[in-house]
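So you can see what is in the structure, the chains are spelled out below.
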Amino acid sequence: MPKRRWSRRLLVVSVLSCLVPQLAGAEVHSLDDAGELAVFLDGAVPALLESDEVPGMTVSVVRDGEVLFAKGYGLATVATREPVVAERTLFRVGSVSKIFLATAIMQLVEQGRLDLDTDLNTYLEGVEIPETFEQPITLRHVLTHTPGFEDSYRDIFVGPDHYRPLRDTLADYIPERVWPPGEMVAYSNHATALAGLVVEQVSGEPYADYLDHHILEPLGMTRSTAQQPVPDSLAPDLSTGARADDFFAYVPDSPAGSVSATASDMARFMIAHLQYGRLGDTRILQAETARRMQSRLFTLDPRVNGFAYQFFESDMGGLRVIGHAGGMVTHFTNMALLPEEGVGFFASVNGASRGPFVLTRQFLERYFPQVRPGPRVALEGSDTAERAAGWYSESRGGVHHFSRVGRFMSMRKAVAGENGRLQFMDETWVETEPLLFRQIDGPNWLVFREGEDGTIRDALRGLGGHSMLLREPFWRGLDFQRAVAAALFAVLLWPIFHRPLWRVRRWWSEVRGGGTLAGARWVAAGLRLSALAFLVCFAWGATVLARTTAMVFSPALWIAGSLPFAIALLSVGAAIACGRLWREGVGSRATRLGYTGLTLGGFALVGWAHAWNVLATRM
């Protein structure tokens, strides 16, 4: 390690020993001892694999231009019992691919072929971003996830029959622009794909070929690729985890997540960035460009972290960490760089597990002990906690299609507590500066923004805040929505469960008699059964959707999305029958009121399905 870095560390430790009575870890460990690092990881990784019941993981650690550690654990493919080998086994790194895109963009920027503040439409051919707002979308917005697009969870991954060239994919569908650029953080794979198409069209090379020729091959990353599927020479070493089939999840927005790589190759990529564009005698970026790429490009508030060039920033108790995570059908990945320490950490697992993120945290806490936050001193006389109380949904998601219901299902409630505290996102916060809340027992932060009228309109949470938290009006909050839903389905479904089975014969005899009341009962029966089918199919389909990282729309969701059209027609029929009942005075007043409530309930259900985009035409 350079003497300058040792001097800086000694100075920091000396100052902290005077000012801070205690560090987060009781024992300080050093990366100078490679054997101790191996012992730590050899204990931590198998424990995570066992607890999460996943087959395998691959890990690499670098420091000061050297690979300190690279090893595979467990099985690459359960069916063949093939072990994970860090130098050979490829893992799908998901959205960590976005750092490769950012690198490609900055290569073209330093060549003068791209500009971060030019309208993307200037570079695009055959694809046009609608001019919804006066301000155009630029590469700066893409690199900081602030282009203002809605995002869809549909078709994030597809099979080979639905995978097409990037230009064709984007020409068919560009998501709606719902916010002015630069105003709202909302993670967007589509925006990333557009930037990848810009790289493709400006360079004249298919995107995956560009990465091969200008990043992977120069860095000696011979066991990595952005091709979909991976080349035949690499396919036998691609980890599939516990899947028994040959499923390969194609990413239609390929620049957002198509890279497959080994841990050893990712070590080379991390070293190149930590050494400001250089690996050995090879340089993929000029030092000035690479330093710029690691610097902050955007933040909503200068008091908190933001984004570098596709890197997420975080402040771990005074330690600046930049990196990116990724999730695929069968893989979850995390990459963290500590530029000031010259350290990089990469981990990927071939199953549904938060293992890479847990392992990253364990690594940082062990080798870079964090300063424990002192007592949080609440801002006196502030009413922000009371004003911030309410329901919040995430900005990432749909507005004009089915993904909007995901925002409904994932709402979180902020509750004002005593002494200005706030209970939110399963954590306790206290306001230490105007509109800025700090986690009571950790380094996380939460910053709120006010609208022009002074009301709280949204918030951003650090440490993984890839989207804004939008404050919803009370009538869109889950408390009100649940009450409405309970009342709605009580009106629609109560008679089905209330009426004993033995009375079905009586009902049948009544409707056989004909007349206005018989017609009303037929329509009511159809309406109630359709509502019940909608409830069952929607619950079933939403459960399947929530449990699969492939975001597969089950047939149950399509049925649920189609039923509101039948419910609408039946509601019209119920309204006609109800009008005849009142006009002719048929049945008791309670009976007529019951049919009136049923009719209104049917229309209300259709309205709810429309409001949350639960319609087959909007999926």
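Residues numbered from 1 in each chain as written. Predicted model: local features only at pLDDT ≥ 70, side-chain atom pairs only at ≥ 80, totals over all residues. Heavy atoms only, no water.

**So, the confidence of the model for the protein**
When pLDDT is averaged along the protein, the result is 85, and 85% of the positions lie at 70 or above. Counted against residues more than four places away or in other chains, residues 1-26, with its pLDDT under 50, gives 23 contacts. (pLDDT = per-residue confidence, 0-100. Contact = heavy atoms within 4.5 Å.)

**Considering the sheet that holds strand S9 (residues 319-327)**
Pairing between the strands of a sheet is mediated by backbone hydrogen bonds and can be parallel or antiparallel. Spatial strand order, S3-S2-S1-S11-S10-S9-S8: seven strands in an open sheet with antiparallel pairing. This sheet does not close on itself; its edge strands, each paired only once, are strand S3 (82-83) and strand S8 (312-316). Both S8 and S9 contribute to a ladder of five bridges, which runs antiparallel. What sits directly across from Glu-313, in S9, is Ile-322. (Pairing = 2+ DSSP bridges. Helix = DSSP H or I, 4+ residues; strand = E, 2+ residues; numbered from the N terminus.)

**Some remarks on a nonpolar patch on the surface**
Taken together, the side chains of Phe-474, Trp-475, Phe-480 and Val-484 define a hydrophobic patch exposed on the protein surface, amounting to about 430 Å² of accessible area. As for its position among the elements, Val-484 is in helix H13 (residues 478-498). (Patch = residues over 30% accessible without salt bridge, like charges linked within 9 Å, V, L, I, M, F, W, Y side chains within 5 Å. Areas by Shrake-Rupley, 256 points an atom, 1.4 Å probe, with all protein chains shown as cover. Salt bridge = Lys/Arg side-chain N within 4 Å of Asp/Glu carboxyl O.)

**Some thoughts on the pairing of strand S2 (residues 66-77)**
Two elements, strand S1 (residues 56-63) and S2, share eight bridges in a ladder whose sense is antiparallel. When the sheet's bridge partners are listed, Val-61 is paired in S2 with Phe-69. The hairpin formed by S1 and S2 contains two residues between the paired strands, and Asp-64 there has a positive phi angle of roughly 50 degrees. Bridging between S2 and S3 involves two bridges; their strand directions are antiparallel. Its bridge partner lying in S3, Thr-77 is registered against Glu-82. Two successive antiparallel strands, S2 and S3, enclose a turn made up of four residues, where Arg-81 displays a positive phi of approximately 60 degrees.

**So, the environment of Leu-124**
Locating Leu-124 in the fold gives a position in the loop between helix H3 (97-110) and helix H4 (139-143). Taking relative accessible area as the criterion, Leu-124 reaches 8% and is therefore assigned buried. The spatial distance from the C-alpha of Leu-124 to the C-alpha of Glu-200 is 9.6 Å, given a sequence separation of 76 residues. Residues contacting Leu-124, with those up to four places away along its chain left out, are Ile-129, Leu-194, Leu-197, Val-198 and Gln-201. (Buried < 20%, exposed > 50% of the residue type's maximum accessible area, 1.4 Å probe, protein only.)

**Considerations on the sheet that holds strand S16 (residues 436-439)**
With antiparallel pairing, the eight strands of this closed barrel are ordered in space as S12-S13-S14-S15-S16-S17-S18-S19. When the angles between neighbouring strand axes are averaged without regard to direction, this sheet yields 30 degrees. Alignment of strand S14 (residues 421-424) against strand S15 (residues 427-433), held across four bridges, turns out to be antiparallel. Within the sheet, the bridge partner assigned to Arg-421 lies in S15 and is Val-430. (Axes fitted to C-alpha atoms, helices over the stretch in contact; angles between N-to-C directions.)

**Focus on the pattern of salt bridges**
Any two side chains of opposite charge can pair if their charged atoms end up close together. Taken as a whole, this structure holds 23 salt bridges when the rule is applied. Among the salt bridges present, the one from Arg-387 reaches Asp-383, with a minimum N-O distance of 3.2 Å. Connected via shared salt-bridge partners are Glu-82, Arg-88, Arg-223 and Asp-237.

**Some details on the environment of His-273**
With respect to the helices and strands, His-273 occurs in helix H8 (residues 263-274). For His-273, a relative accessible area of 2% corresponds to the buried category. Through-space distance from the C-alpha of His-273 to that of Ala-290 is 6.7 Å; in sequence the pair is 17 residues apart.

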